Amino acid sequence: VQLQASGGGLVQAGGSLRLSCATSKRSFSTYAVGWFRQAPGKEREFVAAINWSGDTTNYADSVKGRFTISSENAKNTVSLQMNSLKPEDTAVYYCAARPTGLRRTYTLIGEYAYWGQGTLVTVSS
């Protein structure tokens, strides 16, 4: 499974960006998907996740109320809408996926089998 993350860029604090994660498979059905980020000098951390059916989501406390993860299986895409961006959101954002028959989300790096290449988000103050 190949994943392609896109949509990163430079934005001012308070602005918005929409990241997309596209899969080489026909759709993300039966795959749980997550977004992670890694800031310079820091470890990769969980941001948001969605289950395979798209009806359960999970967010890191630092992004709750600002970020929204959604799946568009018809487009083979999982998106991360990021609003009210802060300088501390600056990082390389990665999408990840794993096959699962369970209707749950996953928040740990080791729980994911497939990773995209990352897209850089820079938020200026």
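Q: Mind showing me how you'd approach the state of the cysteines here?
A: Cysteine pairs can be linked by a disulfide, which is a covalent bond between their two sulfur atoms. Tallied over the full model, the rule gives 1 disulfide. Between the sulfur atoms of Cys 21 and its disulfide partner Cys 95 the distance amounts to 2.2 Å. Between Cys 21 and Cys 95, the S-S dihedral sits near 70°, and the bridge is therefore right-handed. Here Cys 21, found in strand β3 (residues 17-23), pairs with Cys 95, found in strand β9 (residues 91-99); they are 74 residues apart in sequence, far enough to count as distant. Neither residue differs from the other here; Cys 21 and Cys 95 are each classed as buried.

Q: Mind showing me how you'd approach the pattern of salt bridges here?
A: Side chains that differ in charge, positive against negative, can pair when their charged atoms come close. Considering all chains together, one arrives at 7 salt bridges under this definition. Note that Asp 89 is salt-bridged to Arg 37, the shortest N-O span being 2.9 Å. Residue Asp 89 is located in the loop between β8 (77-82) and β9, and its partner Arg 37 is located in strand β4 (residues 31-38); the two are separated by 52 residues in the primary sequence. Note on accessibility: Asp 89 and Arg 37 belong to one class, buried. One salt-bridge network, held together by shared partners, links Arg 37, Glu 45, Arg 66 and Asp 89.

Q: Would you mind going over the pairing of strand β11 (residues 119-124) with me for this structure?
A: The side chains of a regular strand alternate between the sheet's two faces. Residues Thr 119, Val 121 and Val 123 of β11 are buried on one face, while the alternating residues Leu 120, Thr 122 and Ser 124, pointing to the opposite face, are not. Where strand β2 (residues 9-12) meets β11, 4 bridges bridge the pair, whose relative direction is parallel. By the bridge assignment, Gly 9 is partnered in β11 with Val 121. Bridge count for β9 against β11 is 3 bridges, and the pairing is antiparallel. Each residue of the ladder has a partner; that of Val 92, found in β11, is Leu 120.

Q: When you look at the pairing of strand β1 (residues 3-6) in this model, what are you seeing that I'm missing?
A: The alternating pattern of β1 places Leu 3 and Ala 5 on a buried face, while none of Gln 4 and Ser 6, on the opposite face, is buried. Bridging between β1 and β3 involves 4 bridges; their strand directions are antiparallel. Looking across to β3, one finds that Leu 3 is bridged to Thr 23.

About the cut-offs
Residues numbered from 1 in each chain as written. Predicted model: local features only at pLDDT ≥ 70, side-chain atom pairs only at ≥ 80, totals over all residues. Heavy atoms only, no water. Disulfide = S-S within 2.5 Å. Helix = DSSP H or I, 4+ residues; strand = E, 2+ residues; numbered from the N terminus. Buried < 20%, exposed > 50% of the residue type's maximum accessible area, 1.4 Å probe, protein only. Salt bridge = Lys/Arg side-chain N within 4 Å of Asp/Glu carboxyl O. Pairing = 2+ DSSP bridges.

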